[in-house]
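Listed below are the residues making up each chain.
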There are 2 protein chains.
Amino acid sequence: MSVTDVPGFTAAGVTCGIKPGGKPDLALVATADAAAVSAAGVFTSNKMTAAPVLVCREHLAATGGRAAAVVLNSGNANAATGAQGMADARQMCQETAAALGVAAEEVLVCSTGLIGYVLPMDAVCSGIAEAARALDPDGGPRAAEAIMTTDTVPKQAVVAGDGFTVGGMAKGAAMLEPHMSTMLAVLATDAAAEPETLRSALRAGVAQTFNTLTVDGAESTNDTVLIVANGGAGPVDPAALTRAIADACESLALQMADDAEGSTKTVFLRVTGAASDAEAAKAARDTANCQLVKCSWYGQDPYWGRIASEMGAAGVAFDPARLTIAYGSHVVYQHGEPAHPPELARYMTGRRLDLHVDLGLGEGSARVITTDLTHAYIDENMGTS
Amino acid sequence: MSVTDVPGFTAAGVTCGIKPGGKPDLALVATADAAAVSAAGVFTSNKMTAAPVLVCREHLAATGGRAAAVVLNSGNANAATGAQGMADARQMCQETAAALGVAAEEVLVCSTGLIGYVLPMDAVCSGIAEAARALDPDGGPRAAEAIMTTDTVPKQAVVAGDGFTVGGMAKGAAMLEPHMSTMLAVLATDAAAEPETLRSALRAGVAQTFNTLTVDGAESTNDTVLIVANGGAGPVDPAALTRAIADACESLALQMADDAEGSTKTVFLRVTGAASDAEAAKAARDTANCQLVKCSWYGQDPYWGRIASEMGAAGVAFDPARLTIAYGSHVVYQHGEPAHPPELARYMTGRRLDLHVDLGLGEGSARVITTDLTHAYIDENMGTS
């Protein structure tokens, strides 16, 4: 149930001292034979782009989409760190490359943690050396642990395709992990796929899953999803590969939502009947990110008035007379008529809530996965220390 | 220091029983002689528009911008209430008109409170009759009290112009008052101004003040700012009128920020050097509404990395190498170089924070007034009961 469940990959997780308190903070995932194989990535569109994201893009461009290893650290995002940050991200790749006997461009790099602090490179370099020695065909779970920040559990997934496997690990509580910035995910597969095919499959899988997840609407400086494909299982149907990647991403995204900082509810919010899919997604995302809506879920309060108001404020085509809102099977507002069914109170006590808003206007639809806003979320984000 | 400090206006605030607990919940502001005078309004652009907003627009259109009275209730927003809600909002105007001997179209109406519940019209009607009897040249403070929802103090302002006066009252903690939806404001002046001039002055004043205030980024179903001008002081310079209206709105907006639900910080966030004023406003507003940024203010944590990240994610022209961020006089990030001055910790303990972000790209600038996100905010918004 980890990235190393895929034949031909090794991984390691070690403690090098970036994080206070001695928790694991450096991870490595590599091909077992140190061969550079097909690789692809999807990255944050935040313009305050962290150095490791810039270096990943450079390396994938230089190699035409090939990599032999991914090095990751937690506890420091290496973001807003200027020229020094770029040098440090490059050095992380060089140190990894030297330890594995590959080219620096064949190493990808991810960081997650505080923004605005230069990496302690002595610790990082000794950690890389130690992790390279510790690489193991059963090392996936230790790597998954070493990329955690405010996560309370590691996130891992394995999907069996038709004759191939996709495995993955992730960290993060959303688009953005508070303070400990970023969602990161590394996937591996033994399917054979050219870099271009792999990239298309990854983009499609991420669009349906990670990109429908929002905890606080913020997109981090470091968000990264990487995949490496060693080809050991031979060629596969591209559609089957896309499906398996999407399934692995869906599992990781749900694990993130269920472990989102301080959350007590995981909410599936579906919008249908919008003028377009894009308008459905805008209305769903705005509503999912509304503090007032999130507080009502935390309080188990079926206050759908908030949801109606957010839909009206989302800047999409909207007509109150055509609107329907349902919590699970309980319709609370239909075509201008409000209702407050008493059974709703019990429905609100579940960990997972299914909300459905139909705008009654067109064929556009979208789904988002989100969470509530709680006292514990504030506790986690009041301070960096 | 109230709306009735303006000569020629009367007001009242009474308890009619919409709110549980016997707090005042119905207010009336009227011209002393029941004459219809110049009037103008600025309303929410939320498409889930509450009935009273729709009725105000109808009446201002029908009269060409004239009104003799404004009737307001708190405790129920009369929003998402369908055809019944429209009938009830119209009846509130009719009852007020009958009590004052004016035409129903000469009455404007505002509601604030829960969304999705039909008004208790028996209580509302007896309240209107009582308030009409209680109208008083010193009734402003009682009216200001009767429109409060989660406000802890009434908000009132008086501005002395050159030979004229603008007085006002408001309620609300932002663009949107949680649950008890809405910011409402009623201004009165004895300046003489044609409806068109009055509307221009009001729009300009609101743009510079209320529209720069955001607590949670949500725009309510009911947001309304009204002004009535009885002309008692004779004609005035339109620029002077605009300035006085803006000053009154600025005072009311600051009172709202300082009393925003559960807030412990009022934050003035200024963005300069943007490609345009619109881009500056977008970046400022997105950052002001970021839960993570708000939590850091609450924790008195000068974690500017969050602010840099939000600026990069705002979808505006941005270059990390040209960015400067300052907390008060403390520059924390300049042109790619991070800093963590130790004096910042003390700066963060103030009730009011001045943050300045310079994007270093152009001449665009904007300011927003906002607040932090606190445990008490969640407490206030977890439930409607």
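Since the model is a prediction, treat every value here as computed from it, not as a measurement.

1. Structural notes on the overall build of chain A
Of the regular secondary structure elements, chain A holds 11 helices and 16 strands. At 22 Å, chain A has a C-alpha radius of gyration in line with the 21 Å of a compact globule built from 385 residues. For chain A, the spread of C-alpha atoms along the three principal axes comes to 70 × 50 × 35 Å. The buried share of chain A, reckoned over its 385 residues, is 62%. The long-range fraction of contacts in chain A, counting pairs at least 24 apart against all pairs at least 6 apart in sequence, stands at 79%.

2. With respect to the interface of chain B and chain A
Across the boundary between the two partners, chain B contributes 59 residues, which contact 59 residues of chain A. Summed over both partners, the interface of chain B with chain A comes to about 4500 Å²; 61% of that surface belongs to carbon and sulfur atoms. Considering only the side of chain B, the residues that lose the most area to chain A are B:K47, B:Q291 and B:Y303, jointly responsible for 15% of the buried surface there. Across the contact surface, chain B and chain A share 0 salt bridges. The interface formed by chain B and chain A includes 19 residue pairs in polar contact (both at pLDDT 80 or more). Mapped onto the side of chain B that touches chain A, the elements with two or more residues apiece are β6 (107–114), α8 (291–298), α9 (304–313) and α11 (375–381) of chain B. Here the element with the most residues in the side of chain B that touches chain A is α9(B); it accounts for 8 residues.

3. Things to note about the side chain of B:T209
Residue position: B:T209 is located in the loop between α5 (195–208) and β10 (224–229). With a relative accessible area of 2%, B:T209 lands in the buried category.

4. Description of the pairing of strand β11 (residues 266–274) of chain A
Residues and elements named next belong to chain A. Here β11 lies mainly inside the structure; 8 of its 9 residues are buried. When β11 meets strand β15 (residues 352–358), the two strands line up parallel, connected through 7 bridges. Paired with F268 across the bridge in β15 is D354. Inspection of the sheet shows β11 paired to strand β16 (residues 364–371) by 7 bridges, in the antiparallel sense. In the strand pairing of β16, V267 is matched with T370.

5. Thoughts on the nonpolar core
Counting residues in hydrophobic clusters, the biggest one holds 96 residues, and the most contacted among them are A:I325 and B:I325. Other than its neighbours up to four places away in sequence, B:I325 contacts B:W304, B:I307, B:A308, B:H330, B:V331, B:V332, B:Y333, B:H356 and B:V357. Among the nonpolar cores identified, the runner-up in size contains 58 residues, and B:C16, B:A27, B:A97 and B:A104 belong to it.

6. Details of the relation of the copies chain B and chain A
When chain B is brought onto chain A, the operation consists of a screw motion whose angular component is 180 degrees and whose axial shift is 0.0 Å, with 0.0 Å RMSD remaining. Accordingly, the operation relating the two chain copies is best matched by a two-fold axis. Taking the C-alpha atom as reference, chain B places B:H375 closest to the rotation axis, 2.8 Å from it. When the interface residues of chain B are mapped onto chain A, 100% of them again fall at the interface, so both copies present the same face.

7. A few points about helix α7 (residues 277–288) of chain A
Spanning 12 residues, α7(A) covers 16 Å between terminal C-alpha atoms, matching the ideal 16 Å at 1.5 Å per step. Those residues of α7(A) that are buried are in contact with β11, α8 (291–298), α9 (304–313) and β16 of chain A.

8. A look at the sheet that holds strand β16 (residues 364–371) of chain B
Residue and element names in this part refer to chain B. Pairing is mixed across the open sheet formed by 6 strands, whose spatial order is β14-β13-β12-β15-β11-β16. Looking along the sheet, the strands with just one partner apiece sit at the ends: β14 (337–338) and β16. Against the sheet, helix α7 (residues 277–288) engages β11 (266–274) and β16, with an angle of about 20 degrees to β16. Across the sheet, α9 lies against β11, β12 (324–327), β13 (330–334), β14 and β15 (352–358), angled at about 140 degrees from β12, the strand it touches most.

9. A look at α8(A)
Along an α-helix, residues three or four apart share an orientation, since each turn contains 3.6 residues. All names here are of chain A. Of all the 8 residues making up α8, 8 are buried; the element is thus mostly covered by neighbouring parts of the structure. Looking only at α8, the buried set comprises Q291, L292, V293, K294, C295, S296, W297 and Y298. Just past α8, the residue Q300 takes up positive phi, approximately 55 degrees.

10. Looking at the packing of aromatic side chains
Residue and element names in this part refer to chain A. In the structure shown here, the tally under the stated rule is 2 aromatic pairs over all chains. Summarising the aromatic geometry, the rings of W304 and Y333 are spaced 5.3 Å apart at their centres and angled 45 degrees between planes, so their arrangement reads as tilted. A residue pair is termed long-range when its members are at least 10 positions apart, and W304 in helix α9 and Y333 in strand β13 (residues 330–334) qualify at 29 residues. Neither W304 nor Y333 differs from the other in exposure class; each is buried.

11. Some words on the confidence of the model for chain A
All names here are of chain A. Looking at chain A, pLDDT values average 93 and 97% of them are 70 or higher. Contacts from residues 175–180, a stretch scored under 50 in pLDDT, to residues over four places away or in other chains number 45 contacts. Taken over the whole predicted complex, pTM reads 0.88, whereas the ipTM for its chain interfaces reads 0.87.

12. Observations regarding unusual backbone geometry
With a phi angle near 55 degrees, A:Q300 is a residue other than glycine that sits in the positive phi range. Here A:Q300 falls in the partly exposed class, since its relative accessible area comes to 33%. Of note, the phi angle at B:N78 is positive, near 45 degrees, even though the residue is not glycine.

13. A closer look at the packing of α7(A) against α9(A)
Residues and elements named next belong to chain A. Close contact between α7 and α9 brings their axes to 9 Å; oriented N to C, the two are set at 135 degrees. In terms of axis orientation, α7 runs oblique to α9. Here the hand of the crossing between α7 and α9 comes out right-handed. Counting all contacts with α7, which are made through A283, D286 and T287, the residues of α9 involved are I307, E310 and M311. Here the residues of the contact of α7 with α9 sort into 3 nonpolar, 1 polar and 2 charged.

14. Considering the side chain of B:T371
Within the secondary structure, B:T371 sits in strand β16. Dropping the residues within four chain positions of it, B:T371 is found in contact with B:T214, B:V215, B:A257, B:A260, B:S263, B:K265, B:K294 and B:W297.

15. Observations concerning the sheet that holds strand β3 (residues 37–43) of chain A
All names here are of chain A. Strand order in the open sheet made by the 6 strands is β4-β3-β10-β9-β8-β7, with mixed pairing throughout. In this open sheet, the two edge strands, each paired with only one partner strand, are β4 (66–67) and β7 (155–160). Where β3 meets β4, 2 bridges bridge the pair, whose relative direction is antiparallel. Note that in β4 the partner of V37 across the bridge is A67.

16. A word on the environment of A:V316
Residues and elements named next belong to chain A. Considering the arrangement of structural elements, one finds V316 in the loop between α9 and β12 (324–327). Look at V316 and you get buried, because its relative accessible area is 2%. A sequence separation of 160 residues divides V316 from Q156, and the C-alpha atoms of the two residues are 37 Å apart.

Procedures and definitions
Residues numbered from 1 in each chain as written. Chains lettered and ligands numbered in written order. Predicted model: local features only at pLDDT ≥ 70, side-chain atom pairs only at ≥ 80, totals over all residues. Heavy atoms only, no water. Helix = DSSP H or I, 4+ residues; strand = E, 2+ residues; numbered from the N terminus. Rg over C-alpha atoms; globule rule 2.2 N^0.38 Å. Buried < 20%, exposed > 50% of the residue type's maximum accessible area, 1.4 Å probe, protein only. Contact = heavy atoms within 4.5 Å. Buried area = accessible area lost by both parts, 1.4 Å probe. Salt bridge = Lys/Arg side-chain N within 4 Å of Asp/Glu carboxyl O. Polar contact = N/O pair within 3.5 Å; in protein donor to acceptor, adjacent residues only side chain to side chain. Pairing = 2+ DSSP bridges. Core = buried A, V, L, I, M, F, W, Y, C linked by side-chain atoms within 4.5 Å. Least-squares fit on C-alpha atoms with pLDDT ≥ 70 in both. Expected span 1.5 Å × (residues − 1). Axes fitted to C-alpha atoms, helices over the stretch in contact; angles between N-to-C directions. Phe/Tyr/Trp six-rings, centres within 6.5 Å; stacked < 30°, edge-to-face > 60°. pLDDT = per-residue confidence, 0-100. Parallel < 35°, antiparallel > 145°, perpendicular 65-115°, else oblique. Left-handed = near helix turned anticlockwise from the far one by under 90°. Nonpolar A, V, L, I, M, F, W, Y, C, P; charged D, E, K, R; others polar.

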